Amino acid sequence: MLNAFTPDQQSQIEALRAAIARRIQRTVTLDFGEDDHGGLWAALGVETLPYGSWGQPGMLVSILAGAGIDGEAAVVAADFSTIANGVSMQEAAKAATFAGVRAYREKACGALRRH
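Read on for an overview of the structure. For clarity, every value in this text was computed on a predicted model and none was experimentally measured. (Residues numbered from 1 in each chain as written. Predicted model: local features only at pLDDT ≥ 70, side-chain atom pairs only at ≥ 80, totals over all residues. Heavy atoms only, no water.)

**Structural notes on the pairing of strand β3 (residues 58-66)**
The two faces of a sheet get side chains in turn, since along a regular strand they alternate between them.
In step 1: Where strand β2 (residues 39-46) meets β3, 8 bridges bridge the pair, whose relative direction is antiparallel. Bridge pairing in β3 places Gly 45 opposite Met 59.
In step 2: Relative to strand β4 (residues 73-77), β3 runs antiparallel, the two sharing 4 bridges. Residue pairing across strands places Val 61 opposite Ala 77, the latter belonging to β4.
In step 3: Counting the residues that bridge the hairpin from β3 to β4 gives 6 residues, and of these Gly 68 lies at a positive phi of roughly 85 degrees. (Pairing = 2+ DSSP bridges. Helix = DSSP H or I, 4+ residues; strand = E, 2+ residues; numbered from the N terminus.)

**With respect to helix α2 (residues 89-107)**
In step 1: Between its first and last C-alpha atoms α2 spans 26 Å; for 19 residues at 1.5 Å apiece the expected length is 27 Å, and the two agree.
In step 2: Those residues of α2 that fall on the buried side of the exposure criterion are Met 89, Ala 92, Ala 93, Ala 96, Thr 97, Ala 99, Gly 100, Val 101, Ala 103, Tyr 104 and Lys 107.
In step 3: Against α1 (7-24), β2, β3, β4 and β5 (82-87) lie the buried residues of α2. (Expected span 1.5 Å × (residues − 1). Buried < 20%, exposed > 50% of the residue type's maximum accessible area, 1.4 Å probe, protein only. Contact = heavy atoms within 4.5 Å.)

**Topic: the pattern of salt bridges**
In step 1: Taken as a whole, this structure holds 1 salt bridge when the rule is applied.
In step 2: The salt bridge involving Arg 17 is made with Glu 14; its shortest N-O contact spans 2.6 Å. Taken together, the residues Arg 17 and Glu 14, both in helix α1 and 3 residues apart, mark about one turn of the helix. (Salt bridge = Lys/Arg side-chain N within 4 Å of Asp/Glu carboxyl O.)

**Side note on the sheet that holds β5**
In step 1: Read across the open sheet, the 5 strands follow the order β1-β2-β3-β4-β5; overall the sheet is antiparallel. Of all the strands in the sheet, just β1 (28-34) and β5 have a single pairing partner and so form its edges. Ignoring strand direction, the axes of neighbouring strands in this sheet form an average angle of 15 degrees.
In step 2: With respect to the sheet, α1 is in contact with β1, β2 and β3, its orientation differing from that of β1 by roughly 150 degrees.
In step 3: Contacting β2, β3, β4 and β5, α2 runs over the sheet at an angle of about 165 degrees to β3. (Axes fitted to C-alpha atoms, helices over the stretch in contact; angles between N-to-C directions.)

**Observations regarding the environment of Gly 58**
In step 1: Of note, Gly 58 is situated in strand β3.
In step 2: A sequence separation of 46 residues divides Gly 58 from Tyr 104, and the C-alpha atoms of the two residues are 9.2 Å apart.
In step 3: For Gly 58, the residues in contact, after removing those within four places along its chain, are Gly 45, Val 46 and Lys 107.

**Let's talk about the nonpolar core**
What tends to happen in soluble globular proteins is that the nonpolar side chains get buried as a cluster.
In step 1: If you look at the biggest cluster of nonpolar residues, it comprises 28 residues, and the most contacted ones within it are Phe 5, Ile 20, Ile 24, Leu 60, Val 61, Ile 63 and Tyr 104.
In step 2: At the level of secondary structure, the elements contributing two or more residues to this core comprise α1, β2, β3, β4, β5 and α2.
In step 3: The greatest single-element share of this core, amounting to 7 residues, is contributed by α2. (Core = buried A, V, L, I, M, F, W, Y, C linked by side-chain atoms within 4.5 Å.)

**Considering the packing of α1 against α2**
In step 1: Where α1 meets α2, the axes come as close as 10 Å, and the angle between the chain directions of the two elements is 30 degrees. The angle between α1 and α2 falls in the class roughly parallel. In terms of crossing hand, the pair formed by α1 and α2 is right-handed. Contact residues: Gln 9, Gln 12, Ile 13, Leu 16, Ile 20, Arg 23 and Ile 24 in α1; Met 89, Gln 90, Ala 93, Ala 96, Thr 97, Gly 100, Val 101 and Tyr 104 in α2.
In step 2: Of the residues in the contact of α1 with α2, the class split is 9 nonpolar, 5 polar and 1 charged. (Parallel < 35°, antiparallel > 145°, perpendicular 65-115°, else oblique. Left-handed = near helix turned anticlockwise from the far one by under 90°. Nonpolar A, V, L, I, M, F, W, Y, C, P; charged D, E, K, R; others polar.)

Printed below as a string of structure tokens:
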């Protein structure tokens, strides 16, 4: 599937991916898709967690745009709960950064720390 986000949206989503990766010190994956109704999604996830983490690697947060979305974008948590809806892409990126880092911390809970 070709990424149908606009070039500006793509650059904001890539900046979001980089910001989350910088904060959590892990590689953050970025996958794009389209739903059955023409809506677009960009899912950010993590493939590895620190040793001893109680959670499982996977999705951290998603940004939705297009059909069925009020405003420019919406932000959805890993559990598919809505974090923000009907916001600008810039506001969505801010909300997604916070939610993505929080989701990572929940997944990494219990990890052994170096002293």
